Amino acid sequence: MKIVAVDPFYLKMPDITTDADGTQDTLAVRVRTDEGIEGWGECDASPLVSLATYCCPMSHGNIINIRQSLIGEVLGGSDDILRLHKKVLRNALDIQQIDHAYSGTDIALWDIVGQKLKRPVYQLLEDQFRFLSDGIGYPKIPYASVLFGDTPETTFQIATRLKIQGFKAAKFGWGPMGKFDEQYDIELVESAREGMGKSAQIMIDAGVVWGSDYKTVYDRAKAFSQFSPTWLEEPLAPEAIEAYGTLSALNPPVPIAAGEGSATFRMAEDLILHGRIDYVQIDVGRVSGITTAARIRQLAEQQEVQYVNHTFKSHLSLAASLHVFATNEDFNLLEYPADGSELSQRLTTEKLEVGSDGQVRLTDQPGIGVKVDLNTVREFLAPVKIEINGTPIFDQSVL
Ligand SMILES: [Mg+2]
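Rules of the game
Residues numbered from 1 in each chain as written. Predicted model: local features only at pLDDT ≥ 70, side-chain atom pairs only at ≥ 80, totals over all residues. Helix = DSSP H or I, 4+ residues; strand = E, 2+ residues; numbered from the N terminus. Rg over C-alpha atoms; globule rule 2.2 N^0.38 Å. Contact = placed C-beta atoms within 7 Å. Pairing = 2+ DSSP bridges. Axes fitted to C-alpha atoms, helices over the stretch in contact; angles between N-to-C directions. Buried ≥ 20, exposed ≤ 12 C-beta atoms within 10 Å, placed from the backbone. Right-handed = clockwise from strand over helix to strand, strands pointing away. Parallel < 35°, antiparallel > 145°, perpendicular 65-115°, else oblique. Left-handed = near helix turned anticlockwise from the far one by under 90°. Nonpolar A, V, L, I, M, F, W, Y, C, P; charged D, E, K, R; others polar.

(A) Local environment of the overall build of the chain. From N to C terminus, the chain includes 14 helices and 13 strands. Here the C-alpha radius of gyration of the chain, 21 Å, is about what a compact globule of 399 residues would show, namely 21 Å. If one aligns the C-alpha atoms of the chain with their principal axes, the spans along those axes are about 60 × 50 × 40 Å. Counted over contacts in the chain with a minimum sequence separation of 6, partners at least 24 positions apart contribute 74%.

See below:
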């Protein structure tokens, strides 16, 4: 089987706002083969900056675009996916955006190989990476992932709505957290806890608000601990590794989570080994896809850190994320986008629904197991044409 087309599609809502809502637009990638099998993936990254990585003219041997690296390549099994991952990243050594941009393609390649071999991706990963597991795909507890309301009162309303919807766990993030004083932060967390009820799990996402100020983070963790959050997420900047390490040495009374900003294996490794975080949160749409995410899962298992997905996109991304850690029973939480734009809600023809036991599980469909809704792609497609000196190098005006 050979790769014959690699097509990135820029999809967007009509209006884009400054809200920390990553579902307002997206870059979906379709890969086609000469056997008629096609796969899809999605990047959680700046769509147009990433798109350029698919078509920018070669500058030299270290700046070669993704299409040029892949078209005509042989794709037979997961060994090929790993080989192509290496090749594409090597060819784009000097393209800063490559890890974000390649994520969607890597996911699409796993989808294709799964379809070809008639196996779900998590089983292919099991064979390829030899995880410490029994190979069973375990169900996960979905936690609703939402933004804080602008006030404690609206946060309480959001939490109450999630509880009524049946969520047993929810994460509240960004918004006003850390923007005012300690009392306001405490009231935000308190309102989330009150709305969700005593028995639910709540998580707090501080949205990198305290930079490298680990002392404030320690104080907040102490203040928040009375509400028993499962974790305090990204209280520090992604690159504040030393501050994360110092914070960990202080033994904060709430576990610390981070990692969604990791674009490479090395970034996640640094947070795990030197930041000494408790939960590592990996986005398959940023870290150059399933291939690197699976390596980070291996490291998390070795270091006894809990692996969690970071997903604030469609159920295509959600399913791709879940394949990476489905076979580890202890990694039992799943970030589950509960809100999100119409685009993200309708990008796939089916969803990973919450089962009657309150958990989410993969099916044994081959590949990623969810299909892209082409009508949605057509509806939200923002056509992009790029030409240089009057010669087109990219034209994605039709599906
Ligand atoms: Mg976060």
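Once the structure has been displayed, the description carries forward.
(B) A look at the sheet that holds strand E3 (residues 38-43). Pairing is antiparallel across the open sheet formed by 3 strands, whose spatial order is E1-E2-E3. Sheet topology places strand E1 (3-12) and E3 at the edges, where each strand pairs with a single neighbour. Recorded for the sheet is a direction-independent mean angle of 20 degrees between the axes of neighbouring strands. As paired strands, E1 and strand E2 (residues 25-33) are joined by 9 bridges and run antiparallel to one another. If you follow Lys12 over to E2, its bridge partner there is Asp25.

(C) View of the pairing of strand E6 (residues 201-205). Counting buried residues in E6 gives 4 out of 5 residues, a clear majority hidden from the surface. Here strand E5 (residues 169-173) runs beside E6; their pairing, made up of 5 bridges, is parallel. Across the sheet, residue Lys171 finds its bridge partner in E6, namely Met203. Between E5 and its parallel partner E6, the chain crosses via helix H7 (residues 182-196), and the hand of that crossover is right-handed. As defined by bridge partners, E6 adjoins strand E7 (residues 232-233) across 2 bridges and the pair is classed as parallel.

(D) Summary view of the packing of helix H6 (residues 152-165) against H7. Remark: H6 packs on H7, axes separated minimally by 7 Å, with the N-to-C direction vectors making an angle of 25 degrees. Considered as vectors, H6 and H7 are oriented roughly parallel to each other. Regarding H6 and H7, the two cross each other, and that crossing is right-handed. For the pair H6 and H7, contact is made by Pro152, Thr155, Phe156, Ile158, Ala159, Thr160, Leu162 and Lys163 and by Glu187, Leu188, Ser191, Ala192, Glu194, Gly195 and Met196, respectively. Of the residues assigned to the contact of H6 with H7, the class counts are 8 nonpolar, 4 polar and 3 charged.

(E) Region of the structure containing the packing of helix H1 (residues 47-55) against helix H4 (residues 98-117). Following both chains from N to C, one finds H1 and H4 inclined at 75 degrees, their axes separated by 9 Å at the closest point. Taken together, the axes of H1 and H4 lie roughly perpendicular to each other. Mapping the contact onto sequence places Ser50, Thr53 and Tyr54 in H1 and Ile98, His100 and Ala101 in H4. Its residues assigned to classes, the contact of H1 with H4 shows 3 nonpolar, 3 polar and no charged.

(F) Spatial organisation of the sheet that holds strand E4 (residues 141-147). One open sheet accounts for 8 strands, arranged E10-E9-E8-E7-E6-E5-E4-E11; its pairing is parallel. The two strands at the open ends of the sheet, each matched to only one other strand, are strand E10 (306-309) and strand E11 (333-337).

(G) Looking closely at unusual backbone geometry. You will see that Asn251, though not glycine, has its phi angle at about 55 degrees, which is positive. Structurally, Asn251 can be placed in the loop between helix H9 (241-249) and strand E8 (256-258). Residue class for Asn251 comes out exposed when judged on the 8 C-beta atoms lying within 10 Å of it. Even without being a glycine, Arg276 presents a positive backbone phi close to 50 degrees. Of note, Arg276 is situated in the loop between helix H10 (265-273) and strand E9 (279-282).

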